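Single-letter residue listing:
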Amino acid sequence: MIKISSDKLIKRIKEIVYRGSDRNEILQEICDILEREVPVFDWVGFYLVDPEAERELILGPFVGEETEHRRIPFGRGICGQAAESNETFVVQDVSQADNYLACSLKVKAEVVVPVMKDSSFVAELDIDSHTQNSISEEHRAMLEEICDIVAGIF
Ligand code: SME
């Protein structure tokens, strides 16, 4: 469920991105809106490619509980697999995922969407839900569109 329509959310996110302030502020605002407007999104954050490390993600702006996974190597967990494959990962039941990094026992489902800039992976949007089977096709389509928009600020 999304409290306001996906179209309205995307419109608001475009306004934030095109207003053009600091990149981390923009990413933080996007996390805040998604967490506030989509009841099943309980943790929303961006992981960025660390320019100073070899194939490693570093946690950027997020909203939700603190996580011990501030750095994730490509290939590890759902986040690392999305970074390696450049594809969206939807996991409706994390207890069934074998390459998964647990942040909190409350998390039941997760979606990770890559941000691609000129065909290069630059970041990803990671969302955890406390509700199993909660990531809909509508969420996936909306998040992929948001990540296309976000690519413009990298
Ligand atoms: N569960 C993720 C780790 C990051 S936290 O969800 C914030 C994973 O398996 O990659």
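Refer to the structure above for everything that follows.
I will try to describe carefully the structure that is included in this document. Counting restarts for each chain, with residues numbered from 1 along the sequence as it is written. In keeping with the model being predicted, local features are shown solely for residues with a pLDDT of at least 70 and side-chain atom pairs are shown and tallied solely at 80 or more, while totals for entire chains, interfaces and linings include all residues. Side-chain calculation: all heavy atoms of the structure are included, whereas hydrogens and water are not.

### A look at the overall build of the protein chain
Thinking step 1. Each helix and strand in the protein chain was counted, giving 4 helices and 6 strands.
Thinking step 2. Helix and strand definitions here come from DSSP, where helices need a minimum of 4 consecutive H or I residues and strands a minimum of 2 consecutive E residues; each element is numbered from the N-terminal end. Along the protein chain, helices and strands appear, N-terminal first, in the series α-α-β-β-β-α-β-β-β-α.
Thinking step 3. Along the first, second and third principal axes, the C-alpha atoms of the protein chain reach 40 × 35 × 25 Å.
Thinking step 4. The buried share among the 154 residues of the protein chain stands at 48%.
Thinking step 5. Throughout, the Shrake-Rupley method with a 1.4 Å probe supplies accessible areas, and for residues the shown protein chains are the sole cover considered. When the accessible surface of the protein chain is totalled, it reaches about 7700 Å², and 45% of it is carbon and sulfur. Accessible area is worked out with a 1.4 Å probe on protein chains only. A residue is then buried under 20% of its type maximum, exposed over 50%, and partly exposed in between.

### Some details on the pattern of salt bridges
Thinking step 1. We count a salt bridge whenever a side-chain nitrogen from Lys or Arg sits within 4 Å of a carboxyl oxygen from Asp or Glu. Counted by the stated rule, this structure contains 9 salt bridges.
Thinking step 2. Here R71 makes a salt bridge to E56, at a shortest N to O gap of 2.6 Å. One end of the pair, R71, is in strand β3 (residues 71-73); the other, E56, is in strand β2 (residues 56-63), and 15 residues separate them in sequence.
Thinking step 3. Residue class for R71 comes out partly exposed when judged on its relative accessible area of 41%.
Thinking step 4. Note that E66 is salt-bridged to R70, the shortest N-O span being 2.5 Å.
Thinking step 5. In this structure E66 comes out as exposed when scored by relative accessible area, which is 57%.
Thinking step 6. Classification of R70 by relative accessible area gives partly exposed; the value is 40%.

### Description of the nonpolar core
Thinking step 1. Here, the term nonpolar core denotes a set of buried Ala, Val, Leu, Ile, Met, Phe, Trp, Tyr and Cys residues that are joined through side-chain atoms within 4.5 Å. Ranked by size, the top nonpolar core spans 36 residues in total, and within it I30, L34, F41, M142, L143 and I146 carry the most contacts.
Thinking step 2. Counting only elements with at least two residues in this core, the list comes to α1 (6-19), α2 (23-37), β1 (43-49), β5 (109-117), β6 (120-129) and α4 (137-150).
Thinking step 3. Discounting residues that sit within four places of it in the chain, I146 has contacts with I10, I13, I30 and L34.
Thinking step 4. Counting 18 residues, the second largest nonpolar core, distinct from the first, contains L59, C79, Y100 and L101. By definition, residues are in contact when any of their heavy atoms lie within 4.5 Å.

### Let's talk about the sheet that holds β2
Thinking step 1. The strand order β3-β2-β1-β6-β5-β4 describes an open sheet built from 6 strands, whose pairing is antiparallel. Bordering the open sheet on either side are β3 and β4 (89-91), each of which pairs with just one other strand. Across the sheet, the mean angle from the axis of one strand to that of its neighbour is 25 degrees, orientation sign disregarded.
Thinking step 2. With 3 bridges connecting them, β4 and β5 associate as antiparallel partners. Following the sheet pairing, F89 is matched in β5 by V112.
Thinking step 3. Axis definition: a line fitted to C-alpha atoms, limited for helices to the stretch in contact. Angles are taken between N-to-C directions and run from 0 to 180 degrees. The strands touched by α2 are β1, β2 and β6; relative to β2, the strand with the most contacts, the crossing angle is about 60 degrees.
Thinking step 4. Across the sheet, α4 lies against β1, β4, β5 and β6, angled at about 30 degrees from β5, the strand it touches most. At least two DSSP bridges between two strands are needed for those strands to be called paired.

### Comments concerning α4
Thinking step 1. Helix span, expected: 1.5 Å multiplied by one less than the number of residues in the helix. With 14 residues, α4 should cover 20 Å at 1.5 Å per step; its first-to-last C-alpha distance of 20 Å lies within 8% of that length.
Thinking step 2. Those residues of α4 lying buried are H139, M142, L143, I146, C147, I149 and V150. Down the axis of α4, the smallest arc covering the buried residues is 155 degrees, so these residues share one side. Counted as exposed and oriented over 90 degrees from the buried face of α4: E137 and D148. The arc refers to the directions leading from the helix axis to the C-beta atoms.

### Quick notes on the site of the ligand
Thinking step 1. Neighbouring residues of the ligand: W43, Y47, G77, I78, C79, Y100, L101, C103, E110, D126 and D128.
Thinking step 2. N or O atoms within 3.5 Å of each other form a polar contact, as long as, within protein, one can give a hydrogen and the other can take it, and as long as residues adjacent in sequence are counted only when both atoms are side-chain atoms. The separation between an oxygen atom of the ligand and a polar side-chain atom of D128 is 2.9 Å.
Thinking step 3. Coverage of the ligand by the protein amounts to 100% of the 300 Å² it exposes when considered alone.
Thinking step 4. Counting residues per element, the shell around the ligand draws most heavily on helix α3 (residues 77-85), which supplies 3 residues.
Thinking step 5. We call Asp, Glu, Lys and Arg charged. Ala, Val, Leu, Ile, Met, Phe, Trp, Tyr, Cys and Pro are nonpolar, and the rest, Gly among them, are polar. Residue classes in the shell around the ligand are distributed as 7 nonpolar, 1 polar and 3 charged. Consider each residue's heavy atoms; a residue with any of them within 4 Å of a molecule or strand counts as near.

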